[in-house]
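# Per-entry structural report
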Amino acid sequence: MSPPKILFIDSYDSFTFNIAALCRTSIPGCEIQIIKNDQFTIQQLTPHLPHFAAVVVGPGPGSPENLQDIGVIKYLWKLPDELLPPVLGVCLGLQSLCVEFGARLKRLSVVKHGLISKIHHTNKDLFEGAGLIEAVRYHSLHVDVSGCPEIEELAWADDGSENGRVVMGVRHATKPFWAVQYHPESVRTIGGGKQIVQNFWSFASTWNAARGVKPWGSTQSSVFGFPWPPLSIQDAIVTKSPIIIPRTVNTAIIHLPHLSTPHICELLGAKDESSPFVVLDSVAKPGRFTIIGSLSRSSPQFTYHCRDLFVTVRTGDNVRREQLGTNDIWSWMKSFMCQKRGFVGSPDIPFWGGLVGILSYEIGVDKLKALGQRRWRGRRHPDLNMVFVERSVVVDSVTRNVYVQSLLSNDDAWVSKTVTSLKDLTTHGATEPPPTKLVPKITTPKESLYKSRITLAKEKLFAGESYELCLTALSHISLPHVQSDTSSSWRLFRDLRKANPAPHAAYLRLHPTTLVSSSPERFLSFSRPSNPVYQLRPIKGTVSKGPGITRAVAEDALIGSPKEVAENLMIVDLITHDLHGVVGENVTVKKFCAVEEYETVWQLVSVIEGTLPQTTHSLEAEWGLGWDLLSNSLPPGSMTGAPKKRSVEILQTLEDSDRSIYSGTFGYWCVSGAGDWAVTIRSCFKYDDGSCAADSGKEEWRIGAGGAITALSTVEGEWDEMHLKLQSVFRMFGAKQPS
Ligand SMILES: C=C(O[C@@H]1C=C(C(=O)O)C=C[C@H]1O)C(=O)O
Ligand SMILES: NC(=O)CC[C@H](N)C(=O)O
């Protein structure tokens, strides 16, 4: 028998794959075909409905009364019975069902985003055997079903003086429609998930026994494409690369307990402003390894601007444009890296050599196909800027072992020369230079404007357009350009790593871009095959450090705050969805809302991990999947809010300019298939162009900062939080936060 097919109609939500995963665990062997609500007209969809055993109508931003938000779903409910598959609606899905049968749509007085409520139910029908339900809610709208004879209420929440009784579960009196307003798939929902999907499936099976489900045919396969979980993790669609000849990474290991990272960097060229340089520096826990590139003139550097049809490859003085042709930038970079497969290096370190660089926020926005007013063509600054590192030095901060490695053949001379120089460095020692003293001119966002945008963001949340919006703004710092034989940006980085030690500190000088970062936040890491682990580590929830703010006080302010936990939970659910979308079903939340201490702030951190199914995927498929996950999960959910696409679109209307590399990601993709990417926050960056020229006598730096706006945010609180985050970077300019 062919597996039962479920049609999932997605309204551009960020929890879709979580619901798909819940269906897969509740309905044995089902396969899920996901479509967008504006992908088909009802006339195009109807002939295929007899081939589906059920339809799931998912959540989403906006209103069921707005055709642009609800799309084809509006017309589903009124199809003749003989064409009808059983339907399960979630959130927006429930609202649409009820509205089409006469319910009144209202706004909640107190919106519920990422908040948990006890769900009361009849213990019958969809809720039979459901027991205790404490469920996560993501809604601003709700339905009044009094006066709708066809809609039977099965469950409700008692919001007391806030909203009174709110409908949480319904069924249609005669048609095969059931729905819930809460989120059965959320990682924090207890009860009311698997049981209700199983009950739905049992009613669906009864309905289908009478109706008969037509077999899935090749026409359906060609119309609906691959089901979820995605086939990219199976052998079938992996691009076959040429036969791989194993190559050993030329590696020397030395134990140098007293050597500091800045000294190694300086040995490898950090001081020379004219040359490219990269270091991914784990200055604080949980970071462990520091990766320093030793770039040569032959190290290829790749730059790409969104929507261009080519990528620029620079090797020394040779600059050429490579046409992307039928590739997009992601598959182009992947095919470049495919040629570098087959190296075997030390098992004790995560990086042997590979791509290191920066991806902008906008490259993610472009991938998301978010509608916006941005000018794409003729963008001045690269959206992808990466270098292929062939020679590197990796420092293990735990063992204090230093690994000198080269991917180049016949490179013994460089390896042994570098080992000797490093040993010399330790014996001679070196004095730390004093912090740079500069007089910066700082321009921060205008208070009244930023505050008005917080209010506008909240209005969008109240209207049901988003559940959380990460609002940000850029500040500018202008520094006098000081003539010196030591790169000024390198000096700044050296100061920053002291002033704000962070697990994802980085100094990436990839002209025209220079990034100086003290990011605390890992976006995504993937270990090397076989059986890689994909880890995302979102931070949401920030409290300032200061006198009296002990760990206990911070925990109370973060874990004890429904606002902070809700803010984090929404991103955890979103990130779980991003991960499910690429790796399939095996995704778990390893840590939920742990408090971590950083130099200037306490942060609430969650850890989500995914692994691949035990099916027949090859090492080859595993090798490139981290990159696929990266490209499919940008921009980082913690920098957008949820649902991602709509939130990004709203943010474009609330922010004045491109975020550029702020809010994007930087990190590496190792030739082994492993990678580690951080969120570009607590960072400053500059471009060498007209706005930053030695001839203008100034260096113009930009710093982005912001925070997640939720329905529970206060205008003052969010303004202060944005400033607090700015402060962590301002310190390196020797500057106090301007008031
Ligand atoms: C927006 C920033 O940080 C993001 C927002 C956070 C929050 O709202 O608590 C925390 C970490 C980041 O994901 C920033 O640092 O500029
Ligand atoms: N999660 C959802 O589907 C939300 C539905 C609707 N946009 C609301 O806010 O009420």
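Calculation notes
Residues numbered from 1 in each chain as written. Chains lettered and ligands numbered in written order. Predicted model: local features only at pLDDT ≥ 70, side-chain atom pairs only at ≥ 80, totals over all residues. Heavy atoms only, no water. Helix = DSSP H or I, 4+ residues; strand = E, 2+ residues; numbered from the N terminus. Rg over C-alpha atoms; globule rule 2.2 N^0.38 Å. Buried < 20%, exposed > 50% of the residue type's maximum accessible area, 1.4 Å probe, protein only. Contact = heavy atoms within 4.5 Å. Expected span 1.5 Å × (residues − 1). Arc of directions from axis to C-beta. Salt bridge = Lys/Arg side-chain N within 4 Å of Asp/Glu carboxyl O. Pairing = 2+ DSSP bridges. Axes fitted to C-alpha atoms, helices over the stretch in contact; angles between N-to-C directions. Near = heavy atom within 4 Å. Polar contact = N/O pair within 3.5 Å; in protein donor to acceptor, adjacent residues only side chain to side chain. Areas by Shrake-Rupley, 256 points an atom, 1.4 Å probe, with all protein chains shown as cover. Nonpolar A, V, L, I, M, F, W, Y, C, P; charged D, E, K, R; others polar. Core = buried A, V, L, I, M, F, W, Y, C linked by side-chain atoms within 4.5 Å. Domains from an automatic or database assignment. Buried area = accessible area lost by both parts, 1.4 Å probe. Parallel < 35°, antiparallel > 145°, perpendicular 65-115°, else oblique. Left-handed = near helix turned anticlockwise from the far one by under 90°. Phe/Tyr/Trp six-rings, centres within 6.5 Å; stacked < 30°, edge-to-face > 60°.

## Things to note about the overall build of the protein chain
If you tally the helices and strands in the protein chain, you get 19 helices and 36 strands. Relative to the compact-globule value of 27 Å for 739 residues, the protein chain shows a C-alpha radius of gyration of 27 Å, a close match. Here the protein chain holds 739 residues, and the buried ones make up 63% of them. A fraction of 75% describes how many contacts in the protein chain between residues 6 or more apart in sequence connect residues 24 or more apart.

## Points about helix α13 (residues 447-462)
In this model, α13 (16 residues) spans 23 Å end to end at C-alpha, consistent with the 22 Å of a helix rising 1.5 Å per residue. Here α13 has its buried residues at Tyr-450, Lys-451, Arg-453, Ile-454, Ala-457, Lys-458 and Leu-461. Buried positions in α13, seen along its axis, are confined to an arc of 155° and lie on one side of it. As for α13, its buried residues are in contact with β5 (104-118), β7 (134-144), β24 (468-480), α18 (644-654), β36 (698-709) and α19 (715-730). The positive-phi residue at the C-terminal boundary of α13 is Gly-464, with phi of around 85°.

## A word on the pattern of salt bridges
Within the structure shown, the criterion is met by 39 salt bridges. Among the ionic pairs, Glu-716 bridges to Lys-451, the shortest N-O distance being 2.7 Å. Taken as a pair, Glu-716 in helix α19 and Lys-451 in helix α13 lie far apart in primary sequence, 265 residues in all. Assessed through its relative accessible area of 46%, Glu-716 is described here as partly exposed. For Arg-551, the salt bridge identified is with Glu-555, shortest N-O distance 3.1 Å. Taken as a pair, Arg-551 and Glu-555 lie in helix α15 (residues 551-558) at a separation of four residues, close to a single helical turn.

## Here's the deal with unusual backbone geometry
Between Trp-228 and the following residue, Pro-229, the backbone shows a cis peptide bond with an omega angle of 5°. Among the secondary structure elements, Pro-229 is positioned in the loop between α8 (218-224) and β11 (247-248). Cis rather than trans, the peptide bond between His-511 and Pro-512 has omega equal to 15°. Positionally, Pro-512 belongs in the loop between β25 (504-510) and β26 (513-519). Notably, Arg-682 is not glycine yet its phi reads approximately 45°, a positive angle. Looking at the element boundaries, Arg-682 is found in the loop between β34 (675-679) and β35 (683-687).

## Details of the sheet that holds strand β4 (residues 87-90)
Taken in spatial order, the eight strands of this open sheet run β2-β1-β3-β4-β10-β9-β8-β6, and their pairing is mixed. The open sheet has two edge strands with one neighbour each: β2 (31-36) and β6 (120-121). For strand β9 (residues 165-172) and strand β10 (residues 177-180), the ladder comprises three bridges, and the chain directions are antiparallel. Note that in β10 the partner of Arg-171 across the bridge is Trp-178. The sheet strands contacting helix α1 (residues 16-26) are β1 (5-10), β2, β3 (54-57) and β4, and the helix crosses β2 at an angle near 160°.

## What to know about the site of ligand 1
In the vicinity of ligand 1 lie 19 residues, with Glu-521, Lys-540, Thr-542, Tyr-662 and Arg-682 positioned nearest. With respect to ligand 1, the side chain of Glu-567 contributes an N or O atom lying 3.4 Å from an oxygen atom. At 2.6 Å from an oxygen atom of ligand 1 is found a side-chain nitrogen or oxygen belonging to Tyr-662. Contact with the protein chains hides 100% of the accessible area of ligand 1, taken as 390 Å² for the molecule alone.

## Side note on the site of ligand 2
Around ligand 2 there are 14 residues in total, and Gly-60, Gly-62, Cys-91, Tyr-138 and Leu-141 lie nearest to it. Within the backbone of Leu-141, an N or O atom sits 2.9 Å from an oxygen atom of ligand 2. Between His-183 and ligand 2, the recorded distance is 3.2 Å, taken from a side-chain N or O atom to a nitrogen atom. Top contributing element to the shell around ligand 2 by residue count: β7, with four residues. Taken together, the residues of the shell around ligand 2 sort by class into seven nonpolar, seven polar and no charged.

## Digging into the nonpolar core
Among the nonpolar cores identified, the biggest contains 95 residues, and Phe-302, Ile-329, Met-333, Leu-355, Val-356, Leu-384 and Leu-508 are the most heavily contacted of them. A per-element tally of this core places helix α16 (residues 562-583) first, with 10 residues. Beyond its immediate chain neighbours, meaning those up to four positions away, Val-356 contacts Val-278, Leu-280, Phe-351, Asn-385, Met-386, Val-387, Val-389, Leu-508, Leu-510, Gly-667 and Tyr-668. The next biggest cluster of nonpolar side chains, apart from the first, holds 54 residues, and it includes Val-393, Leu-469, Ile-650 and Leu-726.

## Here's the deal with the domain arrangement of the protein chain
Quoted interface sizes are often the accessible area lost when the parts come together. Segmenting the protein chain into domains produces domain 1 (5-228) and domain 2 (247-733). Here the C-alpha centre of domain 2 lies 38 Å away from the C-alpha centre of domain 1. Contact residues are listed per partner, giving 27 residues for domain 1 and 30 residues for domain 2. For the pair domain 1 and domain 2, the summed buried surface comes to about 2,500 Å²; carbon and sulfur atoms form 61% of the total. If you sort the residues of domain 1 by the area they bury against domain 2, Ser-14, His-113 and Val-187 come out on top, with a joint share of 22%. A salt bridge links Asp-69 to Arg-646; its shortest N-O distance comes to 2.7 Å. The interface formed by domain 1 and domain 2 includes 17 residue pairs in polar contact (both at pLDDT 80 or more). Contributions of two or more residues to the side of domain 1 that touches domain 2 are made by α1, β5 and β7. Residues belonging to the side of domain 1 that touches domain 2 are distributed by class as follows: 13 nonpolar, nine polar and five charged.

## Here's the deal with the side chain of Ser-683
Mapping Ser-683 onto the fold places it in strand β35. Judged by relative accessible area, Ser-683 falls into the buried class, the value being 3%. Engagement of the side chain of Ser-683 in a polar contact is seen with the backbone oxygen of Ile-681, the distance being 2.6 Å.

## Topic: the packing of α13 against α19
Where α13 meets α19, the closest approach of the two axes is 9 Å, and the angle between their N-to-C directions is 120°. Relative to α19, the element α13 is oriented oblique. Between α13 and α19 the crossing geometry is right-handed. For the pair formed by α13 and α19, the contact residues are Glu-447, Tyr-450, Lys-451, Ile-454 and Thr-455 on the first element and Val-715, Glu-716, Glu-718, Trp-719 and Met-722 on the second. Looking at the contact of α13 with α19 residue by residue, the classes come out as five nonpolar, one polar and four charged.

## Digging into the pairing of β24
Burial analysis of β24 places 11 of its 13 residues in the buried class, the great majority of the element. Bridge count for β24 against strand β32 (residues 641-642) is two bridges, and the pairing is antiparallel. Bridging from a neighbouring strand, Leu-469 pairs with Gly-641 of β32.

## Quick word on the packing of aromatic side chains
The final tally for this structure, using the stated rule, is 28 aromatic pairs. With 5.0 Å between their ring centres and 85° between their planes, Trp-77 and Phe-177 make a pair best called edge-to-face. Of this pair, Trp-77 sits in the loop between α4 (73-76) and β4 while Phe-177 is found in strand β10, placing the two residues 100 residues apart along the sequence. There is no split in this pair, since Trp-77 and Phe-177 are both buried. For the ring pair Phe-685 and Tyr-687, a centre distance of 5.8 Å and an interplane angle of 75° mean the geometry is edge-to-face. With a relative accessible area of 1%, Phe-685 lands in the buried category.

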